[in-house]
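# Coordinate inspection notes
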Amino acid sequence: MSRWRALDGLDVRLLPAAVGCWLAGLITTQVPAGWGFATVCSAAAAVVWVAGRSANRPAWWLGVLSALVCAAGVGLGGASRVHTLTADPVVGLAQQRAVGTAELVLTGDPVRRKPAVSGNILAADGWVIRARLERLDARGSRFDLRVPVLLLASSARWSGLLPSQRVRCVVRLAPPGAGEPVSAIASVQGQPELVGGPSLPQRLAGRMRSGLRAAVSGLAPDERGLVPGLVVGDTSAEPAQLTQAFQAAGMTHLTAVSGSNVAFILAAILLIARWCGVRGRLLGWCAAVGLGGFVVLVRPEPSVLRAAVVGLVSLVALARGSNSGAEDRPGSRGVPALLGCTVVLLLVDPFLARAPGFALSVLASGGLLVLAPGWRERLGRRMPAAVADAIAVPCAAQAAVAPVLLLLSPSVSLVAIPANVLAAIAVAPATVLGVAAAVVAPVLPGIAAGMAHLAAVPATWIVWVARGSAGLPFGALAWPAGIPGALLLTVVLLGFTRFVRFARARPRAVAALAAVGVAIWVVPLPGQTAWPPPGWLAVACSVGQGDALVIASGPGEAVVVDAGPDPTAIDRCLRDLGVRHIPLLVLTHFHADHVEGLPGLLHGRQVDEVEVTPLTEPADEAARVRSWTDDAQVPLTLAAAGEQRSVGSVRWTVLWPRRLIHSGGSPPNNASVVLSMTTQGVVFLLTGDIEPAAQQALLADPGSLVADVLKVPHHGSRNQDPALVRVVMPRLALVSVGVGNPYGHPAESTLALVRSAGAVVDRTDTDGDIAVLGPRDSLRMVARGPP
């Protein structure tokens, strides 16, 4: 057998075809249709050329020919889809922002769009729904269509709709974002008018999903949100802090329907069927029926169908495999089946080539088929088979998907593999029990509730692992971003497998290398920056377009001014700084970019007091802050001009607001709490978002404004009073600002103004977290690096 046909006992003859299809899908779905068709023509010409030279060629020549044929097929499909999406009349109407009456068929569930900070306001929440536009009355014409669109709705009546329902509504069309496989974004105006009901399977699935939500309603918040996520990918009730923990621990895949979910369900179905005496081909029919029901339950969307196909292939391959030898290893059957499924799925939907979930599913299954058997066999020589399985399977899957995960987030999780190994023992029982609860919920709600409580037991273990792993120091390692970083990580992983073999033969040399590695890890090399730098006085956290400043007041303790717009970002910053106790949090004003991060700041920390501005505008944000502090049982107090206090090594005076300014700018900005804060002899002037009207009022007492470090007002907006900077005369200036913000912050005129006063300026959009180090006679800033 040729090397190409069998690589280490694996049949990889379809590998060129799968790679060719993937590349064709990536190219033709990202370029105009004309370029896509040109690519197809090039592939077709190459097919003709290769076919004409195939006589008496080696076997690998046929692999090249098949790859070109499949790539041409995927390219033709991708170019055709792009042409359809960009050539129908909806595209022109979307560019004109046309308003019309649409008749649509929903093709997906309403997905809750959580509130998001946009500038200094909190964008309203709503629902995102995939649909098929079939009729549109707009600009005096009627169009009969059949094109995919993305609905954006705000009315709560949309939340209860099911896929396959036909609705009529008024929409405003807009062009889709780059990469969206839809013809338009349709913002719904008003309520939906139901034209047709959902199909019978969707009604049954809807009842089971709602029954599952009712069954878990009596569980603790974490388990109430996690069990539906494990079972059907429904994370609508998952607490934000748990979501952050899953992200930090590299466990977010658990709440997305994947091949592992399918494998668990099929394994349970086969086990029950065998227990009931079913044998032979009937087992296959039972598995097929059960799989079909599961797909309907979790919705037959492309990601679910992909997971079903790949999961079924993995399960069948692993189930039929044996340990008799390389020729009968699971991958000898599974790899060609996996590659064949990849080709077929890409031929059906070329846009899958751009979906990270598709790459993760295929690579994870490939890791299970190629890496896991060998690792399991070697580990099985030293430990029980069950333990070897529990270690080999998640390690193989994580190693296979690591380069793709790096493209999504430029860091390598150092806790993901151990966290997934620990969680793996609980995923299967939680998933199977949750599915059982969903199935019986419509007819036996009491039994369903009991099963949900049983599912909560392993779910509690998963929650504990996620939260514990997320709280570990050095949980993630910064890594070069983009394709170069992914290639580097691939090389490192391949090198690591060789290193393991080397380690078994030369344990003493490995021990010496490990000692050197630990020393490099603990003691930074010249030019490296340890974080946080020793002796830091204050840190401006990189939290996006918003403010968050941390002033050290003791070991593990700090005063914090503002919480930024993102709970995850402020939680990360405080965790990296080792801050566990916050004697005082000052929220300078109630704009979203200063307060929406509060839940992340409160997570896992003791906060003694939150002090706020007396102007409770915007009222909805002030109410949200009040609800968060009430839930955390943290007292809320009002800042008062002239107030002088101290905590540990930090003392401060509240300089503003002495009065409220309702004209000459934004009242909430001009009501920002302004602090003169001193620690270890270094004076900070923290100005919130005050504008010229409030800045001029502060100049009535210029002596209180002199400071070593200035937090530049309002993210470095051009709206400044130059006299303030000239009075303060700072040596250092901090600008808290987000990357690529649409407001032009910071303004070049403001940066030039601050530098003209003799200050060194650092900004969080380009420098990341910024630490101020003392003592006062050698004051300096150290930046962590771009966010």
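Only a predicted model underlies this, so the values are computations on that prediction, with no experimental measurement involved.

### Regarding the overall build of the protein chain
- The helix and strand inventory of the protein chain stands at 27 helices and 29 strands.
- Expressed as a percentage of the 787 residues in the protein chain, the buried residues total 49%.
- Restricting the contact set of the protein chain to residue pairs at least 6 apart, pairs at least 24 apart contribute 69%.
- Here the protein chain has roughly 35400 Å² of accessible surface; of this, 63% comes from carbon and sulfur atoms.

### Observations regarding the packing of aromatic side chains
- Applying the stated criterion across every chain, the model contains one aromatic pair.
- When the ring of W461 is compared with that of W464, the centres are 5.3 Å apart and the planes differ by 20 degrees; the resulting orientation is stacked. On the criterion of helical spacing, the pair formed by W461 and W464 is a turn pair, its members being three residues apart in helix α16 (residues 445-470).
- For W461, a relative accessible area of 32% translates into the label partly exposed.
- Take W464: its relative accessible area is 56%, and that puts it in the exposed class.

### Examining empty space enclosed by the protein
- Summed over the entire model, instances satisfying the criterion amount to one cavity of 30 Å³ or more.
- By volume, the largest cavity is sized at about 100 Å³.
- D547, A548, L549, V561 and K711 are the residues nearest the centre of the largest cavity, which is lined by 14 residues in total.
- Partitioned by chemical class, the residues of the lining of the largest cavity number seven nonpolar, four polar and three charged.

### Focus: the packing of helix α7 (residues 240-249) against α16
- Closest axis-to-axis distance for the α7/α16 pair is 8 Å, and the angle between their directions is 65 degrees. In this view, α7 runs roughly perpendicular relative to α16, as classed from their interaxial angle. Between α7 and α16 lies a crossing of left-handed hand. Each of Q241, L242, A245, F246, A248 and A249 in α7 lies in contact with α16, whose residues at this interface are I462, V463, A466, R467, S469 and A470.
- Tallied by class, residues from the contact of α7 with α16 come to nine nonpolar, two polar and one charged.

### Brief notes about the state of the cysteines
- Scanning the model with the defined rule gives one disulfide in all.
- Each disulfide pairs two cysteine sulfurs, and for C541 the partner residue is C573, the sulfurs being separated by 2.1 Å. What sets the handedness of the C541 and C573 disulfide is the S-S torsion sign, and at about -70 degrees it is left-handed. With C541 in the loop between β13 (536-540) and β14 (549-554) and C573 in helix α19 (residues 567-577), the pair connects residues that are 32 residues apart, well separated along the chain. For the residue pair C541 and C573, the accessibility class agrees, reading buried in each case.

### A few points about the pattern of salt bridges
- Summed over all chains, the structure comprises 24 salt bridges.
- We note a salt bridge from R168 to E103, for which the minimum N-O separation is 3.1 Å. With a gap of 65 residues between them, R168 in strand β9 (residues 166-174) and E103 in strand β3 (residues 99-106) connect regions that are remote in the sequence.
- Take E103: its relative accessible area is 13%, and that puts it in the buried class.
- Ionic pairing is found between R467 and D222, a salt bridge with its closest N-O pair at 3.1 Å. One end of the pair, R467, is in helix α16; the other, D222, is in helix α6 (residues 221-232), with 245 residues separating them in the sequence.
- Among the residues examined, R467 registers a relative accessible area of 26% and is labelled partly exposed.
- For D222, a relative accessible area of 15% gives the class buried.
- Residues participating in the shared-partner salt-bridge network are E103, R132, E134, R146, R166, R168 and E193.

### Some thoughts on the pairing of strand β26 (residues 732-735)
- Burial of β26 is two-sided: the residues L732 and L734 facing one way and the residues A733 and V735 facing the other way are all buried.
- Bridge count between strand β25 (residues 709-711) and β26: three bridges; the pairing is parallel. Note that in β26 the partner of L710 across the bridge is A733.
- Crossover connection from β25 via helix α25 (residues 722-728) to parallel β26: handedness right-handed.
- Where β26 and strand β27 (residues 760-763) come together, four bridges link them in parallel fashion. Its bridge partner being in β27, L734 is matched across the sheet by D762.
- Viewed along the sheet, the connection from β26 through helix α26 (residues 748-756) into β27 turns out right-handed.

### Points about a nonpolar patch on the surface
- Residues L15, V19, L23, L26 and I27 make up a contiguous nonpolar surface patch of roughly 380 Å² in combined accessible area.
- Locating V19 in the fold gives a position in helix α1 (residues 15-28).

### Overview of the nonpolar core
- Membership of the largest hydrophobic core comes to 47 residues, with the highest contact counts inside it found for L212, L226, V227, F246, M251, L254 and I462.
- Dropping the residues within four chain positions of it, L254 is found in contact with G229, L230, F246, A423, V427 and I462.
- Within the second largest apolar cluster, 35 residues are counted, among which are V539, W628, A771 and L773.

### Quick look at the side chain of N669
- Along the chain, N669 turns up in helix α23 (residues 667-670).
- Within the local environment of N669, its side chain forms a polar contact with the side chain of E691, the two groups lying 2.8 Å apart.
- Beyond its immediate chain neighbours, meaning those up to four positions away, N669 contacts H589, H591, D689, I690, E691 and H714.

### Focus: the confidence of the model for the protein chain
- Looking at the protein chain as a whole, the pLDDT averages 81, with 80% of positions reaching at least 70.
- Taken as a whole, residues 1-7 scores under 50 in pLDDT and shows 12 contacts with residues more than four places along the chain or in a different chain.

### Some thoughts on helix α5 (residues 200-215)
- The terminal C-alpha atoms of α5, which comprises 16 residues, lie 22 Å apart, in line with the 22 Å expected from a rise of 1.5 Å per residue.
- Listed in full, the buried residues belonging to α5 are Q202, A205, G206, M208, R209, G211, L212 and A215.

### Comments concerning the sheet that holds β26
- Strands sit in the order β21-β22-β23-β24-β25-β26-β27 across an open sheet of seven strands; the sheet is mixed. In this open sheet, the two edge strands, each paired with only one partner strand, are β21 (644-647) and β27. Strand after strand, the sheet turns through a mean of 20 degrees between neighbouring axes, direction not considered.
- Of the strands in this sheet, β26 and β27 touch α26, which is tilted by about 145 degrees from β27.

Conventions used here
- Residues numbered from 1 in each chain as written.
- Predicted model: local features only at pLDDT ≥ 70, side-chain atom pairs only at ≥ 80, totals over all residues.
- Heavy atoms only, no water.
- Helix = DSSP H or I, 4+ residues; strand = E, 2+ residues; numbered from the N terminus.
- Buried < 20%, exposed > 50% of the residue type's maximum accessible area, 1.4 Å probe, protein only.
- Contact = heavy atoms within 4.5 Å.
- Areas by Shrake-Rupley, 256 points an atom, 1.4 Å probe, with all protein chains shown as cover.
- Phe/Tyr/Trp six-rings, centres within 6.5 Å; stacked < 30°, edge-to-face > 60°.
- 1 Å grid on protein atoms, 1.4 Å probe; cavity = no way out; pocket = protein on both sides within 12 Å on 5 of 7 lines; lining within 4 Å.
- Points joined across faces, edges and corners; volume = space filled by probe spheres on them.
- Nonpolar A, V, L, I, M, F, W, Y, C, P; charged D, E, K, R; others polar.
- Axes fitted to C-alpha atoms, helices over the stretch in contact; angles between N-to-C directions.
- Parallel < 35°, antiparallel > 145°, perpendicular 65-115°, else oblique.
- Left-handed = near helix turned anticlockwise from the far one by under 90°.
- Disulfide = S-S within 2.5 Å.
- Salt bridge = Lys/Arg side-chain N within 4 Å of Asp/Glu carboxyl O.
- Pairing = 2+ DSSP bridges.
- Right-handed = clockwise from strand over helix to strand, strands pointing away.
- Patch = residues over 30% accessible without salt bridge, like charges linked within 9 Å, V, L, I, M, F, W, Y side chains within 5 Å.
- Core = buried A, V, L, I, M, F, W, Y, C linked by side-chain atoms within 4.5 Å.
- Polar contact = N/O pair within 3.5 Å; in protein donor to acceptor, adjacent residues only side chain to side chain.
- pLDDT = per-residue confidence, 0-100.
- Expected span 1.5 Å × (residues − 1).

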